[in-house]
Each structure stands twice: as C-alpha cells, then as structure tokens.
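Chain residues, written in single-letter form:
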Amino acid sequence: MEKNKTSAIALKYDGEKTPYITAKGHQQLAEHIIEQVKQQGGLIHQDPVLAQYLNSFDVGDEIPQELYLIIAELIAFSWYLNGKTPPGWEGLEDIDVVV
C-alpha cells in the first residue's frame, strides 16, 4: 500500500455474531467512511498494521479468529467511552458482606 494513502475499514458487531467488515475503501471513499462513522458516534481507531491486515478481507467477511482479542478490546473500549456495558454486565445487586 502506498505510504500516506488514507484507508478505512468499518466493522460491525451486533453483540451476538462475530464482528464483520461492513465497508472499506481508500482516499475519497475512506474519508466518506470515516465521516459516516464519526456522525454515528463510532470509534475511529488508527492502526496501520491492523488496517493493512483487515484490508486483505472482503466486505461481509467475518474477522478471523486470530483478531478476536484485539477487536474485543477495541469494542469494549468503545462501549466504555460511550457509557455502555455489555448485556449482563450492568453490575450486581447489593451484596451482603456480613458473614
């Protein structure tokens, strides 16, 4: 890939299925994708190595298993920044600490 060439890969995660690639592009299309993600309040993560790897996949492809951990960390961070928690992680009821 050409140095300083703008690229973007958009991922979607519905909370159940494996995250998958929803859009990808370079230059003008990349700028359009980035603007749409910003308008929707999504996380923009800049990682040229991850982007180059993801760019080898097609739109609609699920992320490969070897990326599950890094993508899960990015999703968790994004949720945290937006004040969200995964279903079932809202916290526990008051816990009686007296034995």
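Here is a short report on the structure shown in this document. All values reported here derive from a predicted model rather than from experimental measurement.

1. Digging into the overall build of the protein chain
(1) Moving on: Within the protein chain one finds three helices and two strands.
(2) Moving on: Tracing the protein chain from N to C terminus, the helices and strands come up as β-β-α-α-α.
(3) Moving on: For the protein chain, buried positions account for 20% of its 99 residues.
(4) Moving on: Across the protein chain, contacts joining residues at least 24 apart in sequence account for 50% of those joining residues at least 6 apart.
(5) Moving on: On the protein chain, roughly 8000 Å² of surface is accessible, and the fraction owed to carbon and sulfur atoms is 52%.

2. Quick look at the nonpolar core
(1) Moving on: One finds Ile-21, Leu-50, Leu-54, Phe-57, Ile-63, Leu-67, Ile-71, Leu-74 and Ile-75 forming the largest nonpolar core, which totals nine residues.
(2) Moving on: For this core, the secondary-structure elements that each account for two or more residues are helix 2 (48-54) and helix 3 (68-81).
(3) Moving on: Per-element tally for this core: the top contributor is helix 3, with three residues.
(4) Moving on: Not counting chain neighbours up to four residues away, the residues in contact with Ile-21 comprise Ile-9, Ala-10, Leu-11, Leu-54, Phe-57, Asp-58, Val-59, Gly-60 and Asp-61.

3. Examining helix 1 (residues 27-39)
One turn of an α-helix holds 3.6 residues; hence residues three or four places apart share an orientation.
(1) Moving on: With 13 residues, helix 1 ought to run about 18 Å at 1.5 Å a step, and its terminal C-alpha atoms sit 18 Å apart, in line with that.
(2) Moving on: Gly-41 sits one or two residues past helix 1 and shows a positive phi near 80°.

4. Points about a nonpolar patch on the surface
(1) Moving on: A cluster of nonpolar residues, Leu-43, Phe-77, Tyr-80 and Leu-81, forms a patch on the protein surface that exposes about 440 Å² of accessible area.
(2) Moving on: On the basis of relative accessible area, Leu-43 is assigned to the partly exposed category, the value being 32%.

Criteria and thresholds
- Residues numbered from 1 in each chain as written.
- Predicted model: local features only at pLDDT ≥ 70, side-chain atom pairs only at ≥ 80, totals over all residues.
- Heavy atoms only, no water.
- Helix = DSSP H or I, 4+ residues; strand = E, 2+ residues; numbered from the N terminus.
- Buried < 20%, exposed > 50% of the residue type's maximum accessible area, 1.4 Å probe, protein only.
- Contact = heavy atoms within 4.5 Å.
- Areas by Shrake-Rupley, 256 points an atom, 1.4 Å probe, with all protein chains shown as cover.
- Core = buried A, V, L, I, M, F, W, Y, C linked by side-chain atoms within 4.5 Å.
- Expected span 1.5 Å × (residues − 1).
- Patch = residues over 30% accessible without salt bridge, like charges linked within 9 Å, V, L, I, M, F, W, Y side chains within 5 Å.
- Salt bridge = Lys/Arg side-chain N within 4 Å of Asp/Glu carboxyl O.

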